[in-house]
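# Architecture and fold: a report
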Amino acid sequence: MTDPRMLLLWDSPNIDMVLGQLILRRKPTGRERPRIDALRGWLRERADETGDREGERPKVEASVFANVTERTFNGVVGWAEVVRQQGFRMFLKPKSRDDSDVDDDILDLIAERHREGGLREAILMSHDGMAFVEAAKTLIADGVRVTALVFPEHAHQLCQVDGIEVFDLEDIPGLFESPLPRLTFQSLPTEGRWLEPIGEI
């Protein structure tokens, strides 16, 4: 019998894109990106809770997927060392053209672990519903727990799939060093809120 497994799939290009283009409106700094140690702690707690509930703690496999160019390679390799020291695997793929992303590589790992058996939960850290909705539905139909670890206001397709547990990235203690400037309907105060201009007149 295959040992139970919990699988985290971090789509780093997608998280960076949403964080930079849709939330910060600029390239995030290292201090504004998710903290690996905080995510590691959350994964350990989640695995412990699963073990308490199901009688056996799943092995956690955490994988980070990233695109690199020749210009960004050295910086990403430095970050990869930090990631790996925290127990995460790292998949680096050269970005040779605009459409050479890591979606298919993430889907391949999901399919491989699903075939092997023992997969209890897949935690998808990506907002790309177009790429991952069908895979999520397949897992759910086969009894695998699927969690979307996202900014929900930017993950509409995934959030609408029956059976996906949606978890807000900012609800992970310490994942971000300071609150992000997110704009959601729920965040609007009853007295209203000014939005300052981004450009100049």
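Residues numbered from 1 in each chain as written. Predicted model: local features only at pLDDT ≥ 70, side-chain atom pairs only at ≥ 80, totals over all residues. Heavy atoms only, no water.

What follows concerns empty space enclosed by the protein. Under the defined criterion, the tally for this structure stands at one cavity of 30 Å³ or more. If you go around the largest cavity, the residues you meet are L9, I110, A122, L124, F132, A135, A136, L139 and V146. Taken together, the elements giving at least two residues each to the lining of the largest cavity come down to β4 (119–125) and α5 (129–141). Top contributing element to the lining of the largest cavity by residue count: α5, with four residues. Its residues placed into classes, the lining of the largest cavity shows nine nonpolar, no polar and no charged. (1 Å grid on protein atoms, 1.4 Å probe; cavity = no way out; pocket = protein on both sides within 12 Å on 5 of 7 lines; lining within 4 Å. Points joined across faces, edges and corners; volume = space filled by probe spheres on them. Helix = DSSP H or I, 4+ residues; strand = E, 2+ residues; numbered from the N terminus. Nonpolar A, V, L, I, M, F, W, Y, C, P; charged D, E, K, R; others polar.)

Mapping R5 onto the fold places it in strand β1 (residues 5–11). On the basis of relative accessibility, which here comes to 17%, the residue R5 falls in the buried class. Of the polar contacts made by the side chain of R5, one reaches the side chain of E61; its length is 2.7 Å. Apart from the residues within four sequence positions on either side, R5 is in contact with P58, K59, E61, R113, E116, G118, L119, R120 and E121. (Buried < 20%, exposed > 50% of the residue type's maximum accessible area, 1.4 Å probe, protein only. Polar contact = N/O pair within 3.5 Å; in protein donor to acceptor, adjacent residues only side chain to side chain. Contact = heavy atoms within 4.5 Å.)

Turning to unusual backbone geometry, a few remarks are in order. The backbone of R25 shows a phi angle near 65°, a positive value even though the residue is not glycine. Examined against the element boundaries, R25 turns out to sit in the loop between α1 (12–24) and α2 (36–54).

Here the structure, examined in full by the defined rule, presents 23 salt bridges. A salt bridge links R113 to E61; the nearest nitrogen and oxygen atoms lie 2.7 Å apart. Separated by 52 residues along the polypeptide, R113 in helix α4 (residues 103–116) and E61 in strand β2 (residues 59–68) bring together distant segments of the chain. Taken as a pair, R113 and E61 share a single burial class, namely buried. One continuous salt-bridge network, built from bridges that share partners, spans R5, E61, R89, E112, R113 and E116. (Salt bridge = Lys/Arg side-chain N within 4 Å of Asp/Glu carboxyl O.)

Moving on to the nonpolar core. Counting 32 residues, the largest nonpolar core has L8, L39, F88 and L149 as the members making the most contacts within it. Of all the elements in the fold, those that place two or more residues in this core are β1, α1, α2, β2, α3 (73–85) and β4. Counting residues per element, this core draws most heavily on α2, at six residues. Ignoring anything within four residues of it in the chain, the contact list for L8 reads L39, L43, E61, A62, S63, F88, I123, M125 and L149. Listed in part, the 22 residues of the second largest apolar core include I110, L124, V133 and V150. (Core = buried A, V, L, I, M, F, W, Y, C linked by side-chain atoms within 4.5 Å.)

It is worth spelling out the environment of E49 at this point. For E49, the location among the structural elements is in helix α2. Each C-alpha atom of the pair E49 and I36 lies 20 Å from the other, and the pair is 13 residues apart in sequence.

It is worth spelling out the sheet that holds β4 at this point. Taken in spatial order, the six strands make up an open sheet running β3-β2-β1-β4-β5-β6, and their pairing is parallel. Two strands bound the open sheet, and with one partner strand each, they are β3 (89–94) and β6 (164–168). Here the average twist between neighbouring strands, direction ignored, is 20°. Bridging between strand β5 (residues 145–150) and β6 involves five bridges; their strand directions are parallel. Residue T147 lies in a different strand from β6, and its bridge partner there is E165. (Pairing = 2+ DSSP bridges. Axes fitted to C-alpha atoms, helices over the stretch in contact; angles between N-to-C directions.)

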